[in-house]
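Report on the structure
Here is how the chains run, residue by residue.
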Amino acid sequence: MNDYVICTDNLTHDFGSLRAVDHLSLEVPGGIIFGFLGPNGAGKTTTIRLLLGLLEPTEGHARVLGFDSRTLADEIRLHSGALFEHSGLYERLSAEDNLEFYGRIWRLGTKERRTRIEELLTHLGLWERRKERVKTWSRGMKQKLAVARTLLHRPALVFLDEPTTGLDPMAAAALRDDLAALAAHEGITVFLTTHNLAEAEKLCGLVGVIRQGQLLAVGSPDELRTSRSARRLEITGRGLGGEKIAALLRARPEITAVEQQNNRLVVELGAIVDTAPLVSLVVNNGAEVEEVRKKTASLEEVFLTLMEEEK
Amino acid sequence: MISDILTVMWKEGKEIMAYLSGRSKLSPLIFVSVFGLFLPFQMGKIWVESPMVLVYSGWAALFLVNSIIADSFAGERERYTLETLLASRLSDRSILFGKILVAVVYGCGMTWLSLLIALVPVNLMHGQGGLLLYPLTVGSGIVGFSLAGAGLAASAGVLISLRAATVRQAQQTLSITTMLLLFVPVFGVQALPYGWKARIVEALTAVDATRVVIAAIGLLVLLDIGLLAIAMARFKRSRLISD
């Protein structure tokens, strides 16, 4: 249990009669970017608040960085950084003052604070504009500054709640690159919530999918894709239109459906199986196979399938 | 905890300075002009000798704190900075005390500044060769009343601001509370039968003025402590986040 940076056990939180997080059991190892995916209102932000000890669980437990979120929330917050949906910047203050304030909060010494602020702002291309009031900045620049603030005290764990929401595609891509580079450079664990699946696919080593407070799936993006991809086989060639091959395939227990489309057979599989015997069966029964394709699902398709299944 | 309180005060101070250097920069100038120059010039010697200045010091500090305290938590909530602040390592008390103390420092600082400036016109126009200063008892009363008045406004303001959804809502509630606090006793005394009023005046004149002042300050301090205790009890991260 201690090998994981985040470990929750049946974590549950109710807002009155509304169950926002429902018996969430999750383990996140250290040093990775963990993507927490889900539609709006799925319980992603509430989960972050529970993990930071900002909300008390109705049921269950969470251990973050080895500290219990109920009893040692101060310790969790001491070693973590958080960037919520809104940047949380003081817009009347300059960029430098915003970082100065949080540097003081984290008790960085004067010299260390200055060096670190310069390092981060330079890395993010904001150093020259550090004296400007934040309210005059674009949303993209503000988000970059908020990322700098979150990483200022070199936390072991960072929570990022939909950091690219509201950014144009260019700014979002730039922020993603910065995040990936900074996470790798700093060697921190990142807990990233998003409903941008392309973002999760690019950044995350491990992904969890949540809907209505319930965890639906956990795995690496590749694992999640593979677990769904192998369930459909497309065979293209000649001699596939007859009823005999279709009937033979339908008779096999691992096959749930067979659809004939001109010179193509679409075979739906009930589980992940070795597909070589199926191709042999088709060939041995006189078909001339030109192409066999296991359909590769994107993370988005996996996500949508999971959402549909749960409905 | 002291360094954390100072950190919160540093940020609040920066924000107040930024606010005052914006559209609201005239407010403190008008305040100092009226209460530091115009009124003392008009009133002359009475300004430094009359106990009325005690009432002014308490009221001014309360008024000045009221002008900024509504922003303390409601402003953070309205501008979406509260959650990030609560997710930091700062303790509940350092956030609360930092915000209260900076308001008290601002309220008392401006009040004392205007009272110091007031000595210039009073001495220039009415000094007649001598130096007119606040007597020691009046000076002590000024410090006591302004601190207690600022403390009262800060504790009540923080309490209101903690629960208000917006700064405007907090300001409205605070204004109504202040008006009730000021007008209810005034109109209440006026509504009393003549005999009662006469007895009150008789009782007050019979008692030593210094004792009345000390009792009044003591009462205000008790109110401050009570409100502060309620604010501390109501400051719950989970409640602030859920709100």
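What counts, and at which threshold
Residue indices follow the written sequence of each chain, beginning from 1 at its first position. The lettering of chains begins at A and the numbering of ligands begins at 1, in the order of writing. Whole-chain, interface and lining totals are the exception, using all residues; otherwise, since this is a predicted model, local features are given only for residues with pLDDT of at least 70 and side-chain atom pairs are given and counted only at 80 or more. Just so you know, side-chain values use all the structure's heavy atoms and leave hydrogens and water out. Helix numbers and strand numbers start at the N terminus; a helix is a DSSP run of H or I with at least 4 residues, a strand a run of E with at least 2. Relative accessibility decides the category of a residue: with a 1.4 Å probe and only protein chains considered, values under 20% of the type maximum give buried, values over 50% give exposed, and everything between is partly exposed. Throughout, a residue-residue contact means that at least one pair of heavy atoms, one from each residue, lies within 4.5 Å. All accessible areas in this document rest on Shrake-Rupley with a 1.4 Å probe, and a residue is counted as covered only by the protein chains that are shown. The criterion for an aromatic pair is that two Phe, Tyr or Trp rings (for Trp, the six-membered ring) have centres within 6.5 Å, with stacked assigned to planes under 30 degrees apart, edge-to-face to planes over 60 apart and tilted to the rest. Confidence of the predictor in every single residue is expressed as pLDDT, which spans 0 to 100. With a 1 Å grid laid over protein atoms only, a set of points is called a cavity when a 1.4 Å probe fits there but cannot get out and a pocket when it is open yet has protein on both sides within 12 Å along at least five of seven lines; lining residues have an atom within 4 Å of a point. Grid points are joined across faces, edges and corners, and a volume is the space filled by probe spheres set on the points. Nonpolar residues are Ala, Val, Leu, Ile, Met, Phe, Trp, Tyr, Cys and Pro. Charged residues are Asp, Glu, Lys and Arg, and all others, Gly as well, are polar. In this description, strands pair whenever DSSP reports at least two bridges between them. All axes here are fitted lines through C-alpha atoms, helices being fitted over the stretch that makes contact, and every angle between N-to-C directions spans 0 to 180 degrees. What is meant by a nonpolar core is a set of buried Ala, Val, Leu, Ile, Met, Phe, Trp, Tyr and Cys residues, joined one to another through side-chain atoms within 4.5 Å. We treat Lys and Arg as the positive residues and Asp and Glu as the negative residues; His and chain ends play no part in the count. Salt bridges are defined by distance alone: a side-chain nitrogen of Lys or Arg within 4 Å of a carboxyl oxygen of Asp or Glu. Like-charged residues within 9 Å of one another, or nonpolar side chains (Val, Leu, Ile, Met, Phe, Trp, Tyr) within 5 Å, are grouped into patches, provided each residue has over 30% relative accessible area and no salt bridge. By this rule, a helix spans an expected 1.5 Å times one less than how many residues it contains. Take the accessible area each of two parts loses on contact, using a 1.4 Å probe, and add the two losses: that sum is the buried area. Here a polar contact means two N or O atoms within 3.5 Å. Within protein one must be a hydrogen donor candidate and the other an acceptor candidate, and residues neighboring in sequence count only if both atoms are side-chain atoms.

Helix and strand content of chain B: 12 helices and 0 strands. Each helix and strand of chain B, ordered N terminal to C terminal, gives the series α-α-α-α-α-α-α-α-α-α-α-α. Considered along the principal axes of its C-alpha atoms, chain B spans approximately 60 × 45 × 30 Å. Within chain B, buried positions represent 47% of all 243 residues. A separation of at least 24 residues holds for 84% of the contacts in chain B among residues at least 6 apart in sequence. Here chain B displays about 12,500 Å² of accessible surface, and carbon together with sulfur accounts for 72% of that area.

This part covers the packing of aromatic side chains. Using the criterion set out here, one finds 14 aromatic pairs over all chains in the structure. Measuring from ring centre to ring centre gives 5.5 Å for Phe 159 of chain A and Phe 191 of chain A, while their planes differ by 55 degrees; the resulting arrangement is tilted. Linking Phe 159 of chain A in strand S7 (residues 157-161) with Phe 191 of chain A in strand S8 (residues 189-194), this pair joins segments that are 32 residues apart in sequence. Considering the side-chain rings of Trp 59 of chain B and Phe 63 of chain B, the 5.3 Å spacing of their centres and the 15 degrees angle between planes classify their relative orientation as stacked. Taken as a pair, Trp 59 of chain B and Phe 63 of chain B lie in helix H4 (residues 52-69) at a separation of 4 residues, close to a single helical turn. Exposure remark for Trp 59 of chain B: the relative accessible area of 32% places this residue in the partly exposed category.

Residue and element names in this part refer to chain B. Mean pLDDT over chain B stands at 86; residues scoring 70 or higher make up 98%. Mean pLDDT across the secondary structure elements of chain B bottoms out at helix H12 (residues 237-242), with 79, and peaks at helix H6 (residues 82-86), with 93. In the predicted assembly, ipTM is 0.84 and pTM is 0.80.

In this section: the layout of surface pockets. Residues and elements named next belong to chain B. If you add up the space inside the largest pocket, you get close to 1,200 Å³. Considering the residues around the largest pocket, the lining is formed by 33 residues, among which Leu 54, Val 55, Phe 145, Ala 216 and Leu 220 are closest to the centre. Looking at the lining of the largest pocket, the elements that each hand over two or more residues are H4, helix H8 (136-163), helix H9 (167-191) and helix H11 (209-234). Of the residues forming the lining of the largest pocket, the biggest block, 10 residues, is contributed by H11. Grouping the amino acids of the lining of the largest pocket by side-chain chemistry returns 24 nonpolar, 8 polar and 1 charged.

Let's shift gears to the sheet that holds strand S5 (residues 67-68) of chain A. Residues and elements named next belong to chain A. Spatially, 4 strands are ordered S2-S1-S4-S5 in an open sheet, and the strand pairing comes out antiparallel. Two strands lie at the open edges of the sheet, namely strand S2 (18-29) and S5, each paired on one side alone. The sheet contact formed by strand S1 (residues 4-15) and strand S4 (residues 59-64) spans 5 bridges and is antiparallel. Bridged to Cys 7 within S4 is Arg 63. Relative to the sheet, helix H1 (residues 44-51) contacts S1, S2 and S4, its axis offset from that of S1 by approximately 115 degrees.

Right, let's talk about the nonpolar core for a bit. Membership of the largest hydrophobic core comes to 148 residues, with the highest contact counts inside it found for Ile 6, Leu 52, Leu 145, Phe 159 and Phe 191 of chain A together with Trp 47 and Tyr 134 of chain B. Beyond its immediate sequence surroundings of up to four residues, Leu 52 of chain A is in contact with Ala 73, Ile 76, Arg 77, Ser 80, Ala 82, Phe 84 and Phe 159 of chain A together with Ala 87 of chain B. In terms of nonpolar packing, the next biggest core, distinct from the first, is built from 15 residues, Leu 233, Leu 265, Leu 278 and Ala 287 of chain A among them.

All names here are of chain A. Among the structural elements, Asp 68 can be located in strand S5. The buried charged residue Asp 68 lacks any salt bridge partner; its closest oppositely charged side chain belongs to Arg 63, at an N-O distance of 4.7 Å. If we ignore the near neighbours within four places in the chain, the residues touching Asp 68 are His 61, Ala 62, Arg 63, Ala 73 and Ile 76.

Our focus in this paragraph is a nonpolar patch on the surface. A cluster of nonpolar residues, Trp 59, Phe 63, Ile 176, Met 179, Leu 180, Leu 181, Leu 182, Phe 183, Val 184, Val 186 and Phe 187 of chain B, forms a patch on the protein surface that exposes about 1,000 Å² of accessible area. Here the element with the most residues in the nonpolar patch is H9 of chain B; it accounts for 9 residues.

So, about H8 of chain B. Helical geometry note: an α-helix holds 3.6 residues per turn, so side chains three or four residues apart project in the same direction. For H8 of chain B, spanning 28 residues, the distance from its first C-alpha to its last is 41 Å, which sits close to the expected 40 Å at 1.5 Å a residue. Of all 28 residues that make up H8 of chain B, 21 are buried, and the element is covered over most of its length.

Let us now look at the pattern of salt bridges. This model, assessed by the stated rule, comprises 34 salt bridges over all chains. Ionic pairing is found between Glu 100 of chain A and Arg 113 of chain A, a salt bridge with its closest N-O pair at 2.8 Å. With Glu 100 of chain A in helix H3 (residues 95-105) and Arg 113 of chain A in helix H4 (residues 110-123), this pair connects stretches of sequence that are 13 residues apart. Per residue, the accessibility class of Glu 100 of chain A equals that of Arg 113 of chain A, and both read buried. Each member of the salt-bridge network shares a partner with another, and the members are Arg 92 of chain A together with Lys 11, Glu 12, Glu 15, Asp 71, Glu 76, Arg 79 and Lys 99 of chain B.

Take the interface of chain B and chain A next. Interfaces are often sized by the accessible area lost when the parts come together. Contacts between chain B and chain A engage 29 residues on the former and 26 residues on the latter. Together, the buried faces of chain B and chain A total about 2,700 Å²; carbon and sulfur atoms form 62% of this surface. It is Trp 10, Thr 84 and Arg 89 of chain B that lose the most area in chain B upon contact with chain A, and together they represent 25% of the buried surface on that side. Scanning the region where chain B abuts chain A turns up 5 salt bridges. A salt bridge links Asp 97 of chain A to Lys 14 of chain B; the shortest N-O distance between them is 3.3 Å. One can count 7 residue pairs in polar contact (both at pLDDT 80 or more) joining chain B with chain A. Listed by contribution, the elements that provide at least two residues to the side of chain B that touches chain A are helix H1 (2-20), helix H5 (71-78), H6 and H12 of chain B. Counting residues per element, the side of chain B that touches chain A draws most heavily on H1 of chain B, which supplies 10 residues.

Residue and element names in this part refer to chain A. Taken in spatial order, the 6 strands make up an open sheet running S6-S7-S8-S3-S9-S10, and their pairing is mixed. The sheet terminates laterally at strand S6 (80-83) and strand S10 (214-219), the two strands that pair on one side only. Shown here is a sheet whose adjacent strand axes are inclined to one another by a mean of 15 degrees, direction ignored. As paired elements, S7 and S8 share 5 bridges and run parallel to each other. Across the sheet, residue Val 158 finds its bridge partner in S8, namely Val 190. Its contacts with the sheet put H1 on strand S3 (33-37), S7, S8 and strand S9 (206-211), and the angle it makes with S8 is roughly 150 degrees.

All names here are of chain B. Where H5 meets helix H7 (residues 92-126), the closest approach of the two axes is 10 Å, and the angle between their N-to-C directions is 115 degrees. Between H5 and H7, the residues in contact are Ser 72, Phe 73 and Glu 76 and Ile 95, Leu 96 and Lys 99, respectively. Residues that form the contact of H5 with H7 fall into these classes: 3 nonpolar, 1 polar and 2 charged.

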